[in-house]
Amino acid sequence: MKLILFGPPGAGKGTQAKLMSERFGLPHISTGDILRSEVQKSTELGQKAKGFMEAGQLVPDSLVTEMVKKRMSAGDLEGGFILDGYPRNVAQAKTLDEILKGGIDRAIYLSTSEKVILQRLTGRRVCPKCGINYHLTNMPPKKDMVCDRCEVDLYQRPDDKEATVKNRLKVYLEESSPVLDYYKQQGKLENISGDLDSREVFELISKKLPALSKK
Ligand code: AP5
């Protein structure tokens with residue numbers, strides 16, 4: 001099954017994608033994670049993307065689409081995938097339909113309120129090694145600021161500072177939210193409240209995707 005997890009920053013796309021990937025055995029593709037890795041390795045793409053990401057802006061379509069095409073051709077996606085962070089505008093959604101020929105199967109929209117988003121993102125801390133997200137109060141690590149799995153210090157994403165989060169939200173409303181109508185018109189949109197506890201969100205997603213839940 002070809003799935004998209006869609007929603008504003010902090011809706012829980014990465015968190016749900018990881019749970020779904022573990023439960024259903026589908027590869028998780030996060031354009032944000034791929035871009036952060038390129039920035040960390042200081043590749044040509046990473047150097048071009050860095051400034052946009054730190055400002056909370058979208059990285060230009062041409063760069064991101066090349067990156068997605070490369071990932072899609074890797075040969076491990078015959079059984080489907082969970083795409084998180086792409087598409088982020090209608091042009092990207094159309095490009096994705098072209099890449100996939102038959103398009104996606106379902107777009108899961110995690111609708112989330114601004115208050116919840118701000119609380120989640122300013123409190124998020126990430127493991128630099130395995131990429132797992134924690135939250136200072138919602139999902140704290142067992143040991144203060146240390147990853148449960150890797151035992152390395154957690155860090156705060158530069159784009160999780162409050163001013164940048166507000167800019168990311170503005171960009172989401174202006175550029176990304178029209179993607180909802182695009183999938184609604186195709187009859188592929190599933191709407192789920194992202195404000196709920198992450199286990200509840202996961203159960204709701206699993207119920208919406210019975211073909212996957214039976215696996
Ligand atoms: P990206 O990494 O995709 O960021 P985002 O979409 O802004 O999403 P986030 O990762 O911030 O949030 P999330 O919804 O995954 O929430 P999470 O599960 O982490 O992109 C970063 C940047 O890369 C963009 O700004 C852009 O510059 C660039 N980019 C990426 N893709 C692009 C594209 N296609 N085109 C152009 N540019 C692109 O959860 C957040 C926090 O909340 C965590 O601490 C978590 O523990 C906690 N939490 C999660 N769910 C719950 C819950 N249900 N209850 C309580 N706490 C929860």
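Everything discussed here concerns the structure shown above.
Residues numbered from 1 in each chain as written. Predicted model: local features only at pLDDT ≥ 70, side-chain atom pairs only at ≥ 80, totals over all residues. Heavy atoms only, no water.

*Asks:* Give a description of the site of the ligand that names residues and reports values.
*Replies:* What surrounds the ligand is a group of 35 residues, the closest being Thr 15, Gln 57, Arg 88, Arg 124 and Arg 168. In the model, an oxygen atom of the ligand is placed 2.8 Å from a nitrogen or oxygen of the Tyr 134 main chain. Elements with a contribution of two residues or more to the shell around the ligand: helix H1 (13-24), helix H2 (31-40), helix H6 (114-122) and strand S6 (133-135). Ranked by the residues each element gives to the shell around the ligand, the list is headed by H2, at four residues. Each residue belonging to the shell around the ligand can be placed in one class, and the counts come to 13 nonpolar, 13 polar and nine charged. (Near = heavy atom within 4 Å. Polar contact = N/O pair within 3.5 Å; in protein donor to acceptor, adjacent residues only side chain to side chain. Helix = DSSP H or I, 4+ residues; strand = E, 2+ residues; numbered from the N terminus. Nonpolar A, V, L, I, M, F, W, Y, C, P; charged D, E, K, R; others polar.)

*Asks:* Describe in detail the packing of H1 against helix H9 (residues 198-208), supporting the description with residues and values.
*Replies:* At a minimum axis separation of 10 Å, H1 and H9 run at an interaxial angle of 55°. One way to sum up the angle between H1 and H9 is to call them oblique. For H1 against H9, the interelement crossing comes out right-handed. Counted together, Thr 15, Gln 16, Leu 19, Met 20, Arg 23 and Phe 24 of H1 and Ser 198, Arg 199, Val 201, Phe 202, Glu 203, Ile 205 and Ser 206 of H9 form the full contact between these two elements. (Axes fitted to C-alpha atoms, helices over the stretch in contact; angles between N-to-C directions. Parallel < 35°, antiparallel > 145°, perpendicular 65-115°, else oblique. Left-handed = near helix turned anticlockwise from the far one by under 90°. Contact = heavy atoms within 4.5 Å.)

*Asks:* Would you mind going over the environment of Ala 11 in detail, with residue names and values included?
*Replies:* Structurally, the position occupied by Ala 11 is in the loop between strand S1 (2-6) and H1. The spacing of Ala 11 and Val 152 is 141 residues in sequence and 26 Å in space, taken between C-alpha atoms. Those residues in contact with Ala 11 that lie beyond four places of it in its chain are Leu 110, Thr 112, Arg 120 and Gly 194.

*Asks:* Can you explain the environment of Glu 38? Please cite residues and give values.
*Replies:* With respect to the helices and strands, Glu 38 occurs in helix H2. Overall, the relative accessible area of 16% leaves Glu 38 in the buried class. Along the primary structure Glu 38 and Lys 50 are separated by twelve residues, whereas in three dimensions their C-alpha atoms are 8.9 Å apart. Residues in contact with Glu 38, not counting those within four places in the same chain, are Thr 43, Leu 45 and Gly 46. (Buried < 20%, exposed > 50% of the residue type's maximum accessible area, 1.4 Å probe, protein only.)

*Asks:* So what about the nonpolar core? Which residues, and what values?
*Replies:* Grouped together as the largest cluster of nonpolar side chains are 28 residues, with contacts concentrated most on Ile 4, Met 72, Leu 83, Leu 96 and Tyr 183. At the level of elements, S1, helix H3 (44-55), helix H4 (61-72), strand S3 (81-84), helix H5 (90-100), strand S4 (106-111) and helix H8 (178-185) are the ones that each hand at least two residues to this core. Considering every element that reaches this core, the biggest residue donor is H4, with five residues. Judged by nonpolar contacts, the second largest core, of 16 residues, contains Leu 3, Ile 108, Ile 192 and Phe 202. (Core = buried A, V, L, I, M, F, W, Y, C linked by side-chain atoms within 4.5 Å.)

*Asks:* Let's hear about unusual backbone geometry: which residues, and what values?
*Replies:* The amide bond that connects Tyr 86 to the next residue, Pro 87, takes the cis arrangement and shows omega of 0°. Positionally, Pro 87 belongs in the loop between S3 and H5. You will see that Met 145, though not glycine, has its phi angle at about 60°, which is positive. The backbone of Glu 151 shows a phi angle near 55°, a positive value even though the residue is not glycine. Here Glu 151 lies in the loop between S6 and helix H7 (162-176). You can call Glu 151 exposed: its relative accessible area is 57%.

*Asks:* Which residues make up the pairing of S4, and what are the values?
*Replies:* In the sheet, S1 pairs with S4 via four bridges, with the strands oriented parallel. By the bridge assignment for S4, Ile 4 is matched with Ala 107. Pairing analysis gives five bridges linking S4 to strand S7 (residues 189-193), with the strands arranged parallel. Pairing of Tyr 109 across the sheet is with Asn 191, part of S7. (Pairing = 2+ DSSP bridges.)

*Asks:* So, H1: which residues are in play, and what are the values?
*Replies:* A rise of 1.5 Å per residue sets the reference length of H1, with its twelve residues, at 16 Å; its end C-alpha atoms lie 16 Å apart and thus fit the reference within 8%. Listed in full, the buried residues belonging to H1 are Lys 13, Gly 14, Gln 16, Ala 17, Leu 19, Met 20 and Phe 24. Once H1 ends, the next one or two residues include Gly 25, with phi positive near 70°. (Expected span 1.5 Å × (residues − 1).)

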